[in-house]
Amino acid sequence: MRIAYIQSSGVNTRCLTAGEPGRPPLMLIHGVGSSCDSWMKIIDGLGEHFHVVAPDLIGHGLTHIGDYSGGPPQPVMVKHLHGVADALGWGEFSVFGSSYGALLSVLCHMADKKRVTKVIMLGSASATMGDAERLASFQAAKAAAVATMQNPTIEYARKRMGGMVYDVSCIPEALLYVQMNIFARPGLAEGFERLMDGMMDLEATRPWTITGRFGEIECPLLMIWGANDPHAKIDKALEAARMVSDVRFITVERCGHVPHLEHPVKVQEAARRFLLGDEMAEYRLAA
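Quick caveat, the model's predicted, so the values are computed rather than measured.

Q: Tell me about the nonpolar core, and please be specific about residues and values.
A: Counting 58 residues, the largest nonpolar core has Met27, Leu104, Met121, Phe214, Leu221 and Met223 as its most contacted members. Excluding anything up to four places from it in sequence, Met223 contacts Met121, Phe214, Ala237, Ala241, Val247, Arg248, Phe249 and Ile250. Counting 26 residues, the second-largest nonpolar core is a separate cluster that includes Ala54, Val267, Ala270 and Phe274.

See the structure below:
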């Protein structure tokens, strides 16, 4: 794993990278209020098989917000992510997103279905829940992140992460210290609140809402969901999955909202198999 800065949409974008160029390209997309560091448990393992790049979203981590001034952030973020792929010289590539990053992964596919050829989703309320639940999820995410930005201490960082997981012992201390430092960055809170306000305007963001639109996904899809996810309910995820013609669905027991932190070995191995073309018949949904 190493750090790289890549120019996209006029923004100097911090990325974690692993693996050698020339291997199958894979982009990891983190959730709202998070950063590329959230992939620290699995990026090196995936890098043994793929050229992996995990960017900070605009207005997140150490990547600035660019010229975003308001309105729906989804198309701005999708353009930025495709721009990262452009800067890397990627043609076709796969995407692997967590939470809001899972929504962006599908939107990246919908923006260019021939280019984004496989999608992996980890627990995502923003992708699968109805309006009321999606709005409540955004409001909770904003409140927890802003509280930590106003009080960038290890205790606040631990409390925020603790609300996402089944067992708090899975949270790496290194990630808490990274988040504490990121959340203290001058200007981060102002930009973050602007992004969240844009996300919470449900009518303005309607064209980028995919609840009920999973049938438009035209590539293989792997969905990995925590059985105990407090935000993205598994029954809604299964309902969405059944709209997709080529889908595998994995339920992870004793797992909350961030399976890649809670059960990294299982998630990494499932991703490897799926991306390398394993049929994974045991995870196909019954007709």
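Q: Just give me the short version of the pairing of strand E1 (residues 2-8), but keep the residues and values in it.
A: Bridge count between E1 and strand E2 (residues 11-18): 7 bridges; the pairing is antiparallel. Within E2, the residue paired with Tyr5 across the bridge is Arg14. Counted along the chain from E1 to the antiparallel partner E2, the turn is 2 residues long, and its residue Ser9 has a positive phi close to 55°.

Q: Let's hear about the packing of helix H6 (residues 154-162) against helix H7 (residues 173-183): which residues, and what values?
A: Relative orientation of the contacting elements H6 and H7 amounts to 115°, with a least axis distance of 9 Å. Looking at the two axes, H6 sits roughly perpendicular to H7. Our pair here, H6 against H7, has a crossing hand that is right-handed. For the pair H6 and H7, contact is made by Ile154, Ala157, Arg158, Arg160 and Met161 and by Glu173, Leu175, Leu176, Tyr177, Gln179, Met180 and Phe183, respectively.

Q: Residues and numbers for the packing of aromatic side chains, please.
A: For any two aromatic rings, the description comes down to two numbers: the centre-to-centre distance and the angle of the planes. One pass over the full model with this rule turns up 4 aromatic pairs. In this structure, Lys118 is placed above the aromatic ring of Phe274, and the distance from its NZ or CZ to the ring centre is 5.2 Å.

Q: Tell me about the side chain of His60, residues and numbers included.
A: Among the structural elements, His60 can be located in the loop between strand E4 (51-55) and helix H2 (74-88). Within polar-contact distance, the side chain of His60 engages the backbone oxygen of Ile58 at 3.0 Å.

Q: Got a sec to walk through the pattern of salt bridges? Specific residues and values, please.
A: All chains considered together, the criterion is met by 17 salt bridges. One salt bridge connects Asp246 with Arg248, and the closest N-O pair in it is separated by 2.4 Å. Relative accessible area serves as the criterion here: at 23%, Asp246 is assigned to the partly exposed category. A network of salt bridges, in which partner residues are shared, links Asp131, Arg134, Glu203 and Arg206.

Q: So, the sheet that holds strand E5 (residues 93-98): which residues are in play, and what are the values?
A: In spatial order, the strands read E1-E2-E4-E3-E5-E6-E7-E8; together these 8 strands make up an open sheet with mixed pairing. Both edges of this open sheet fall to E1 and strand E8 (247-252), since each of them pairs with a single strand only. Across the sheet, the axes of successive neighbouring strands diverge by a mean angle of 25°, strand direction being ignored. Pairing geometry for strand E6 (residues 116-122) and strand E7 (residues 221-226), over 4 bridges, is parallel. Bridged to Val119 within E7 is Leu221. Packing against the sheet, H2 makes contact with E1, E2, strand E3 (25-29), E4, E5 and E6, and its axis sits at approximately 110° to E1.

Rules and cut-offs
Residues numbered from 1 in each chain as written. Predicted model: local features only at pLDDT ≥ 70, side-chain atom pairs only at ≥ 80, totals over all residues. Heavy atoms only, no water. Core = buried A, V, L, I, M, F, W, Y, C linked by side-chain atoms within 4.5 Å. Buried < 20%, exposed > 50% of the residue type's maximum accessible area, 1.4 Å probe, protein only. Contact = heavy atoms within 4.5 Å. Pairing = 2+ DSSP bridges. Helix = DSSP H or I, 4+ residues; strand = E, 2+ residues; numbered from the N terminus. Axes fitted to C-alpha atoms, helices over the stretch in contact; angles between N-to-C directions. Parallel < 35°, antiparallel > 145°, perpendicular 65-115°, else oblique. Left-handed = near helix turned anticlockwise from the far one by under 90°. Phe/Tyr/Trp six-rings, centres within 6.5 Å; stacked < 30°, edge-to-face > 60°. Lys NZ or Arg CZ within 6 Å of the ring centre and 35° of its normal. Polar contact = N/O pair within 3.5 Å; in protein donor to acceptor, adjacent residues only side chain to side chain. Salt bridge = Lys/Arg side-chain N within 4 Å of Asp/Glu carboxyl O.

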